[in-house]
Amino acid sequence: MTGEPRLPPHAAETIHQFLRAHVRAAGAKGVLVGLSGGIDSAVVVRLARDALGAERVWGALVPDAAFPPALLEETERYARDLGVPTRLVPLAPLADAAARLLPEVTDRVAAGNLKVRLRFAVLYALAREHGALVAGAGNKSELLLGYVTKYGDGGVDLLPIGDLYKTDVRALAAELGIPEPIRARPPTAGFWEGQTDEEELGATYDVLDRVLLGLEELRPPEEVAARAGVPVDRVASIASRVLRERHKRVPVPIPKLRLRTVGLDWRD
Amino acid sequence: MRFLLGQLTPRLGEPLENLARIDRLLASRAVGLAVFPELFVSGYRAGDRLRALALSPGGGPLLELERIAAARNTWLVLGAPVAVPDRAGEVFNAVLLIGPDGSSRYQVKRYLPTYGPFEEGRIFTPAGRSDPLPLAGHPVGLAICYDAFFPEIFRELALKGSELFLVVSASPVTSRRLFEKVLPARAVENGCPVLYANRTGVEDGLVFGGGSGAWDVRGEPIALDRVAVPDGEPEEALLVGELDLAEAGRWRPFRPVLRDVTAHPP
């Protein structure tokens, strides 16, 4: 197999510059990062710390009831080692209240999305207190596959690693010396116990990213399939998923009625 | 001639602040030529505001630039949106050459990138030709960013007598290595030194890549002193070097590409 994404040169320096510029332009004091124990948020908080200094970065943990205590401890320790202060806000009281209020919501994806949106409501409240922007940990693989919750983890001020595939994030994490247990942990959205991204998406990120890179480069499906080592119909199904999830990546559609329309051709 | 390349981040949509910064930075430095990046006056992603931000003949910002060039006794080169009275409703992506005598001239960008994140073809009117402009008695060819990828422009400028190329740019970090390759090539293929000022900073998701530099007629880098910018970002810099304006005239007899292409056009 060929065609795996390669970490773009100067990725870390470029993201540092991006973070500094946006914090300055917003007149913010820094950024707040939600820490999940996964590789993506570990990389984002590290990049933010390197770009802005630990005194301008805040970490927040908003774990649900199923979050393993050992992982909580490890995540807090990781932030502490970076010099980044953390705030722990258990999600259970909010999530339980929402579940009681909405007994008709039984679908586990709907329930998972609701939890994620509550988590990000907490992050925004904390960020406001610090005068910070919320930096999300979404990567390019998730954005393209729509493996994000609209107005949850997808609703943030900045996506510093949003143009890096999961494969790139892993390479960057290795380059940054992110501890091995964080790098080795199977990615999960944490919607339910035992959930993993790769099982739910039906392929490993290694394969998905080769396909996504092929789509990015507008290669013919047969070639993408060969490079990723998957059948052509698998490429087609990933491509149609990317298109189906487009609504999560574009500005809210507004019907054009006037000369310049927000989200369409109002360019400022 | 001592020159300065201002690898800086303009404030988006704040022309007066950007001009004041040029004035401050030149106040303490005696240079004969100061080059600042593409659309330095307005910032790059000013969208529909670019028309309102455009410099026009006799307008306040242009008069201020002419004042700065005269007060600092320097040739000033910088990018700005320009509007002219006989082309109502149009705006040009231009590089200005302003002399210490208060004269100002400009070259309009030839090729407007309208691909990837760039929408210049939607906003600006392109130029159909390039002409050298006089700088301290030497004809000089000016070009903007994506123009650097069209050797035809530089050949046209060289055949019209240019002895120096000045290139200003607002180019992202993802293109930096490409500029590092083509700019020395433009110098070698025309026997003409190149000065290049690219901007820094971030506008939306565009991260501008710096990498400003200077190359002699052989395409070799001209030594530059990197001076930190007071209160600047780490990627910002003032690059100061020494330029020999007579170099092209001395070099071309030994590598007469312009003579030969004139005698045997491709």
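Treat the numbers as computed from the prediction; the structure is a model and nothing was measured.

Participant: I keep staring at the overall build of chain B and nothing clicks. Help me out?
Facilitator: Looking only at helices and strands, chain B has 8 helices and 14 strands in total. What you see for chain B is a C-alpha radius of gyration of 17 Å, in line with the 18 Å of a compact globule of 266 residues. Over its C-alpha atoms, taken along the principal directions, chain B stretches across nearly 45 × 40 × 35 Å. A separation of at least 24 residues holds for 68% of the contacts in chain B among residues at least 6 apart in sequence. Element-wise, carbon and sulfur atoms account for 55% of the exposed surface of chain B, whose accessible area totals about 10,700 Å².

Participant: Looking at this structure, how should I read the interface of chain B and chain A?
Facilitator: A common way to express how large an interface is: the accessible area buried when the components associate. Taken together, the contact between chain B and chain A spans 19 residues of the former and 14 residues of the latter. Buried area between chain B and chain A, summed over both chains or domains, comes out near 1,200 Å², and the portion from carbon and sulfur atoms is 50%. The three residues of chain B that bury the most area against chain A are D48(B), V202(B) and E233(B), which together make up 34% of that side's buried surface. Seen at the junction of chain B and chain A, the total is 5 salt bridges. Among the ionic pairs, E235(B) bridges to R20(A), the shortest N-O distance being 3.2 Å. Between the two partners, chain B and chain A, sit 9 residue pairs in polar contact (both at pLDDT 80 or more). Of the residues in the side of chain B that touches chain A, the class split is 6 nonpolar, 4 polar and 9 charged.

Participant: How do you make sense of the sheet that holds strand β9 (residues 194-198) of chain B when you look at a structure like this?
Facilitator: Sheets are built from strands paired through backbone hydrogen bonds, the pairs being either parallel or antiparallel. All names here are of chain B. The mixed open sheet is built from 5 strands, whose spatial order is β6-β7-β8-β9-β12. Either end of the sheet is taken by a strand with one partner, and the two such strands are β6 (133-135) and β12 (213-215). Across the sheet, the axes of successive neighbouring strands diverge by a mean angle of 25 degrees, strand direction being ignored. Sheet topology places β9 next to β12; 3 bridges connect them, and they run antiparallel.

Participant: Quick question: what am I supposed to make of empty space enclosed by the protein here?
Facilitator: Over the atoms rolls a probe the size of a water molecule, and its path tells where empty space is left. With the rule as written, the count across this model stands at 2 cavities of 30 Å³ or more. When its volume is computed, the largest cavity comes out at roughly 50 Å³. Surrounding the largest cavity, L35(A), S36(A), G37(A), G38(A), S41(A), A42(A), E74(A), T75(A), Y78(A), I182(A) and R185(A) form its lining. For the lining of the largest cavity, the secondary structure elements donating two or more residues are α2 (39-52) and α3 (69-82) of chain A. In terms of residue class, the lining of the largest cavity is made up of 4 nonpolar, 5 polar and 2 charged. The volume enclosed by the second largest cavity comes to roughly 40 Å³. As for the second largest cavity, its lining consists of S171(B), R176(B), F179(B), E180(B), Y196(B), N198(B), G210(B) and G211(B). Mapped onto the lining of the second largest cavity, the elements with two or more residues apiece are α6 (176-190) and β9 of chain B.

Participant: What is the right way to read the nonpolar core from this model?
Facilitator: All names here are of chain A. Of all hydrophobic cores here, the largest spans 44 residues; its most connected members are L19, V31, V43 and L47. Mapped by element, the contributors of at least two residues to this core are α1 (11-26), β1 (30-34), α2, β2 (57-61), α3, β4 (132-135) and α7 (166-176). Here this core takes 9 residues from α2, the largest share from any one element. Once residues within four sequence positions are removed from consideration, V43 is found in contact with Y78, I161, V169, L172, A173, L176 and I178.

Participant: It is not clear to me how the pairing of strand β7 (residues 138-144) of chain B should be interpreted in this structure. Could you clarify?
Facilitator: In regular strands, side chains alternate between the two faces of the sheet. Residue and element names in this part refer to chain B. Of all 7 residues in β7, 5 are buried, a share of seventy percent or more. From the end of β6 to the start of β7, which pair antiparallel, there are 2 residues, and A136 there has a positive phi angle of about 50 degrees. Where β7 meets strand β8 (residues 164-169), 5 bridges bridge the pair, whose relative direction is parallel. In the strand pairing of β8, L142 is matched with L166. Tracing the backbone out of β7, into helix α5 (residues 151-159) and back to the parallel element β8 gives a crossover that is right-handed.

Participant: Would you take a moment to explain the state of the cysteines for this structure?
Facilitator: Working definition of a disulfide: a covalent bond connecting the sulfur atoms of two cysteines. Residues and elements named next belong to chain B. Following the criterion strictly, the structure yields 0 disulfides over all chains and no others. Between C192, a free cysteine, and C145, which holds the nearest cysteine sulfur, the sulfur-to-sulfur gap is 19 Å. The exposure class assigned to C192 is buried, which follows from its relative accessible area of 0%.

Participant: Looking at this structure, how should I read helix α5 (residues 108-130) of chain A?
Facilitator: Helical geometry note: an α-helix holds 3.6 residues per turn, so side chains three or four residues apart project in the same direction. Residue and element names in this part refer to chain A. Under the 1.5 Å per step criterion, the end-to-end length of α5 is 33 Å for 23 residues, consistent within 8% with the ideal 33 Å. Buried within α5 we find G112, N113, K115, V116, L118, F120, V122, L123, L126 and A127. Turning to α5, the residues buried within the fold contact β1, β2, β3 (86-88), α4 (92-101) and β4. Its side-chain oxygen 3.2 Å from the backbone nitrogen of V109, D107 forms the N-cap of α5. Downstream of α5 by a residue or two, G131 has a phi angle that is positive, lying close to 70 degrees.

Participant: Looking at this structure, I do not really get the packing of aromatic side chains. What am I missing?
Facilitator: What describes a pair of aromatic rings is the distance from one ring centre to the other and the angle between the planes of the rings. Scanning the entire structure with this criterion turns up 12 aromatic pairs over all chains. Summarising the aromatic geometry, the rings of F36(B) and F40(B) are spaced 5.7 Å apart at their centres and angled 35 degrees between planes, so their arrangement reads as tilted. Among the residues examined, F36(B) registers a relative accessible area of 0% and is labelled buried. Ring plane angle 85 degrees and centroid distance 5.1 Å describe the contact between Y146(B) and F150(B), whose orientation is recorded as edge-to-face. Look at F150(B) and you get buried, because its relative accessible area is 18%. Taken together, the ring pairs in this structure connect Y44(B), Y111(B), Y115(B), F118(B), Y146(B), F149(B), F150(B), F179(B), Y196(B), F208(B) and W215(B) into an aromatic cluster. Across from the ring centre of W192(A), 3.6 Å away, lies the NZ or CZ of R108(A), which sits over that ring. Sitting over the ring of F208(B), R199(B) keeps its end group 3.9 Å from the ring centre.

Procedures and definitions
- Residues numbered from 1 in each chain as written.
- Chains lettered and ligands numbered in written order.
- Predicted model: local features only at pLDDT ≥ 70, side-chain atom pairs only at ≥ 80, totals over all residues.
- Heavy atoms only, no water.
- Helix = DSSP H or I, 4+ residues; strand = E, 2+ residues; numbered from the N terminus.
- Rg over C-alpha atoms; globule rule 2.2 N^0.38 Å.
- Contact = heavy atoms within 4.5 Å.
- Areas by Shrake-Rupley, 256 points an atom, 1.4 Å probe, with all protein chains shown as cover.
- Buried area = accessible area lost by both parts, 1.4 Å probe.
- Salt bridge = Lys/Arg side-chain N within 4 Å of Asp/Glu carboxyl O.
- Polar contact = N/O pair within 3.5 Å; in protein donor to acceptor, adjacent residues only side chain to side chain.
- Nonpolar A, V, L, I, M, F, W, Y, C, P; charged D, E, K, R; others polar.
- Pairing = 2+ DSSP bridges.
- Axes fitted to C-alpha atoms, helices over the stretch in contact; angles between N-to-C directions.
- 1 Å grid on protein atoms, 1.4 Å probe; cavity = no way out; pocket = protein on both sides within 12 Å on 5 of 7 lines; lining within 4 Å.
- Points joined across faces, edges and corners; volume = space filled by probe spheres on them.
- Core = buried A, V, L, I, M, F, W, Y, C linked by side-chain atoms within 4.5 Å.
- Buried < 20%, exposed > 50% of the residue type's maximum accessible area, 1.4 Å probe, protein only.
- Right-handed = clockwise from strand over helix to strand, strands pointing away.
- Disulfide = S-S within 2.5 Å.
- Expected span 1.5 Å × (residues − 1).
- Phe/Tyr/Trp six-rings, centres within 6.5 Å; stacked < 30°, edge-to-face > 60°.
- Lys NZ or Arg CZ within 6 Å of the ring centre and 35° of its normal.

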